[in-house]
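# Structural overview
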Amino acid sequence: MSTTLLPSPDETRLWTKEDSTTPAQTLEVHSIRRKQGLTKRAIDLSVLLVSAPLILPLLAGISIAIKLTSRGPVFYRQKRVGRLGQPFYAWKFRTMVRNADEILQQYLAQHPELRVEWERDHKLKKDPRVTRFGAMLRKTSLDELPQLLNVLMGQMSLVGPRPIVSAEIEKYAAAYDLYIVVTPGLTGLWQVSGRNNTTYGRRIELDTYYVRHWSLWLDMAILMRTFKTVMFCEGAY
């Protein structure tokens, strides 16, 4: 499968600048998504069923490694914004130390120049909270495998915009109305287009493009690109 279906930066920016979202357009997208939703859901469940014999042992092995290398629970959950604005808890493997919030505040107090990076991206390239094994999980994106449970429960899809936290709604601005039309995804255009090496504005452009141009072929292209992205640890930290 060719990945030429994926948009170029010029394509996504052109739509964002010249075709702003209107209520009528949002309703149109809602109508299309309702018709296509059953097909997308069937594909998600089929992939989960086929991959289960490979995924389950991997989940078990990572869980054991986390318990052996650091104190604390195996899993971590965080409230995210889902389809139609409904909140849900997205699951991940724990990659941080137990007192992560306290360590973050101390680190930002000692390095105030990094607060801008944190407030802009909600991430730090050199995060003092991350364990050694957690850093490897993040680099390979394996920390997000537990979100397959969210896919099974219908809270997420295999492909879609990355689920955001409530603090990010303001950053999406008018694009938020389009974001909540679809189910957030385990992977998506942002993950295969540079991920953390891109700007937050670029991420919003990619999410907007995905909602307006969704197709099964686009999902397949993104899934294929995801394997390459994970293999070479592109944009992950």
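What comes next concerns the included structure.

What counts as what
Residues numbered from 1 in each chain as written. Predicted model: local features only at pLDDT ≥ 70, side-chain atom pairs only at ≥ 80, totals over all residues. Heavy atoms only, no water. Helix = DSSP H or I, 4+ residues; strand = E, 2+ residues; numbered from the N terminus. Buried < 20%, exposed > 50% of the residue type's maximum accessible area, 1.4 Å probe, protein only. Contact = heavy atoms within 4.5 Å. Areas by Shrake-Rupley, 256 points an atom, 1.4 Å probe, with all protein chains shown as cover. Arc of directions from axis to C-beta. 1 Å grid on protein atoms, 1.4 Å probe; cavity = no way out; pocket = protein on both sides within 12 Å on 5 of 7 lines; lining within 4 Å. Points joined across faces, edges and corners; volume = space filled by probe spheres on them. Nonpolar A, V, L, I, M, F, W, Y, C, P; charged D, E, K, R; others polar. Pairing = 2+ DSSP bridges. Polar contact = N/O pair within 3.5 Å; in protein donor to acceptor, adjacent residues only side chain to side chain. Salt bridge = Lys/Arg side-chain N within 4 Å of Asp/Glu carboxyl O.

### Observations regarding the overall build of the protein
- A count of helices and strands for the protein gives 10 helices and four strands.
- Out of the 237 residues in the protein, the part that is buried amounts to 44%.
- In the protein, of all internal contacts separated by at least 6 residues, the share reaching a separation of at least 24 is 72%.
- As presented, the protein carries roughly 13,000 Å² of accessible surface, and 62% of it is formed by carbon and sulfur atoms.

### Quick look at helix H5 (residues 132–140)
- All buried positions along H5 are accounted for by Gly 134, Leu 137 and Arg 138. Looking down the long axis of H5, one finds its buried residues gathered within 95° of arc, a one-sided arrangement.
- Just past H5, the residue Ser 141 takes up positive phi, approximately 65°.

### As for empty space enclosed by the protein
- The full count for this structure, using the stated rule, is one cavity of 30 Å³ or more.
- Looking at the largest cavity, its volume works out to about 30 Å³.
- Of all the elements in the fold, those that place two or more residues in the lining of the largest cavity are strand S1 (75–81) and strand S2 (87–93).
- When the residues that make up the lining of the largest cavity are grouped by side-chain class, the tally is two nonpolar, two polar and two charged.

### Remarks on the layout of surface pockets
- Empty space within the largest pocket amounts to approximately 1,100 Å³.
- The wall of the largest pocket is formed by 45 residues, among which Gln 78, Arg 80, His 122, Lys 123 and Arg 138 lie closest to the centre.
- Of all the secondary-structure elements, those providing two or more residues to the lining of the largest pocket are S1, S2, helix H3 (100–110), helix H4 (115–121) and helix H9 (200–212).

### A short note on the pairing of S2
- Of the strand pairs in this sheet, S1 and S2 are connected by seven bridges, and their pairing is antiparallel. If you follow Gln 78 over to S2, its bridge partner there is Ala 90.
- Taking the residues that link successive antiparallel strands as the turn, the S1-S2 hairpin has five residues, and the phi of Leu 84 there is positive, at about 60°.

### Points about the side chain of Arg 203
- Within the element layout of this structure, Arg 203 appears in helix H9.
- At 3.4 Å, the side chain of Arg 203 and the side chain of Tyr 172 are in polar contact.

### Thoughts on the pattern of salt bridges
- Counting across every chain of the model gives six salt bridges.
- A salt bridge links Asp 219 to Lys 40; the nearest nitrogen and oxygen atoms lie 2.5 Å apart. Of this pair, Asp 219 sits in helix H10 (residues 216–231) while Lys 40 sits in helix H2 (residues 23–69), and the two are 179 residues apart along the sequence. For the pair shown, Asp 219 and Lys 40 are each scored as buried.
- Two residues, Arg 129 and Asp 127, come together in a salt bridge whose shortest N-O distance is 2.6 Å.
- By sharing partners, the salt bridges in this structure join Lys 92, Glu 144 and Arg 162 into a single network.

Function-wise, these values are silent; they only describe arrangement.
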